[in-house]
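In case you want the letters, here they are:
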Amino acid sequence: MAAYSARGVHGQVVQSLGARIVSGALGEGAILDVRALGEELDVSLTVMRESLKVLAGKGLTDARQKRGTFVRERRHWNLLDADIIRWRVEGGDGGRLMRDLADVRSVVEPAAAHRAALHRTDADLAALERALDAMGRARVDAADADAAFHRALLVATGNEMLARMDILLEPGLRERDRLVHAHASVDDPVPSHRAVLDAVRDRDPVRAELAMLDLLAKAARDFERLGAHTEGPAGHAPARPPEVAR
């Protein structure tokens, strides 16, 4: 799911409250005094209500008669939502999130590479090549190109359900790329992706699967170098939630 893109005060309120909830500053089950929060953030009740609708859509809040507006239990949160993923990283939970992402990728992507080598078309190869070329040109911010490559690989499996696994993988992958590629110490991602593409082009499923496993191992090593940037001093120290501009 794409990140919430509203600008101005409305978007700032969503950002502020969402970050507080995800960081734990507003705990599960907490009753939200909408009027008091509006006064604190210096916004109208209309803005507050509209912002809470956005947060409810992400599974973070709900409202009930006699109970009022409250923070939902974590099991109801849409943990694939791009904003929630970003707030988790900002709140000090990036390490856990990225470990979960790595586990999911290790299950899905080697098998996808294997299948892509068996079922890819010329159009699939062209899409993978375009993404790889863009990755080589991007240098500083390769997130879009990386996402495009992995999306094209899923499509190349020829399985429509596997192709939609991008909904599961892409939000976390983009946040990972944003963190990793911001640091110059990270190795060039092109060679590891090129190895996957070459095996898929050669219709060699075993080599494609092994190349993807190598790529994921490299991704894990890259991220391990950034541990201090993704977790708080105690491993999960919530960051201070952003304030609404006045």
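Residues numbered from 1 in each chain as written. Predicted model: local features only at pLDDT ≥ 70, side-chain atom pairs only at ≥ 80, totals over all residues. Heavy atoms only, no water.

Observations regarding the nonpolar core
One finds Leu128, Met135, Phe149, Leu153, Val196, Val200 and Met212 to be the most contacted residues of the largest nonpolar core, which totals 24 residues. At the level of elements, α5 (94-119), α6 (122-138), α7 (143-155), α10 (190-201) and α11 (205-224) are the ones that each hand at least two residues to this core. The contact partners of Met212, leaving out residues within four places of it in the chain, are Glu109, Pro110, Ala113, His150, Leu153 and Val196. (Core = buried A, V, L, I, M, F, W, Y, C linked by side-chain atoms within 4.5 Å. Buried < 20%, exposed > 50% of the residue type's maximum accessible area, 1.4 Å probe, protein only. Helix = DSSP H or I, 4+ residues; strand = E, 2+ residues; numbered from the N terminus. Contact = heavy atoms within 4.5 Å.)

Describing a nonpolar patch on the surface
A cluster of nonpolar side chains, contributed by Val206, Leu210 and Leu213, occupies part of the molecular surface with about 260 Å² of accessible area. As for its placement among the helices and strands, Leu210 is situated in helix α11. (Patch = residues over 30% accessible without salt bridge, like charges linked within 9 Å, V, L, I, M, F, W, Y side chains within 5 Å. Areas by Shrake-Rupley, 256 points an atom, 1.4 Å probe, with all protein chains shown as cover. Salt bridge = Lys/Arg side-chain N within 4 Å of Asp/Glu carboxyl O.)

Thoughts on the pairing of strand β3 (residues 68-71)
Relative to β3, strand β1 (residues 31-32) is paired through two bridges, and the arrangement is antiparallel. Within β3, the position partnered with Ile31 by the bridge is Phe70. As defined by bridge partners, strand β2 (residues 61-64) adjoins β3 across four bridges and the pair is classed as antiparallel. Paired with Arg64 across the strands is Gly68, a residue of β3. In this structure, the hairpin formed by β2 and β3 is closed by a connection of three residues, where Lys66 is found at a positive phi of approximately 75°. (Pairing = 2+ DSSP bridges.)

Brief notes about the packing of helix α1 (residues 8-23) against helix α2 (residues 34-41)
Contact geometry of α1 with α2 gives a least axis separation of 12 Å together with a crossing angle of 120°. Put simply, α1 runs oblique to α2. Between α1 and α2 lies a crossing whose hand is right-handed. Here Val13, Ser16, Leu17 and Arg20 of α1 come into contact with α2, specifically with Leu37, Glu40 and Leu41. Its residues placed into classes, the contact of α1 with α2 shows four nonpolar, one polar and two charged. (Axes fitted to C-alpha atoms, helices over the stretch in contact; angles between N-to-C directions. Parallel < 35°, antiparallel > 145°, perpendicular 65-115°, else oblique. Left-handed = near helix turned anticlockwise from the far one by under 90°. Nonpolar A, V, L, I, M, F, W, Y, C, P; charged D, E, K, R; others polar.)

As for α7
For α7, spanning 13 residues, the distance from its first C-alpha to its last is 18 Å, which sits close to the expected 18 Å at 1.5 Å a residue. Of all the residues in α7, the buried ones are Ala143, Ala145, Asp146, Ala147, Phe149, His150, Ala152, Leu153 and Leu154. (Expected span 1.5 Å × (residues − 1).)

Considering the sheet that holds β3
Ordered in space as β1-β3-β2, the three strands form an open sheet in which the pairing is antiparallel. If you trace the sheet from one side to the other, it starts and ends with β1 and β2, each paired once.

A word on the environment of Val43
Relative to the helices and strands, Val43 is located in the loop between α2 and α3 (45-57). Residues Val43 and His10, spaced 33 residues apart in sequence, show a C-alpha to C-alpha distance of 8.6 Å. Contact partners of Val43, with chain neighbours within four places excluded, come to Val9, Val13, Gly38 and Met48.

Here we look at unusual backbone geometry
Within the chain, Asp42 stands out as a residue other than glycine whose phi angle is a positive 60°. With respect to the helices and strands, Asp42 occurs in the loop between α2 and α3.

A short note on α2
Along α2, the residues classified as buried are Val34, Leu37, Gly38 and Leu41. An end-on view of α2 places all buried positions within 100° of arc, on one side of the element. Turned more than 90 degrees away from the buried face of α2 sit Arg35 and Glu39, all of them exposed. Structurally, α2 contributes buried residues whose contacts are with α1, β1, α3 and β3. (Arc of directions from axis to C-beta.)

Function-wise, these values are silent; they only describe arrangement.
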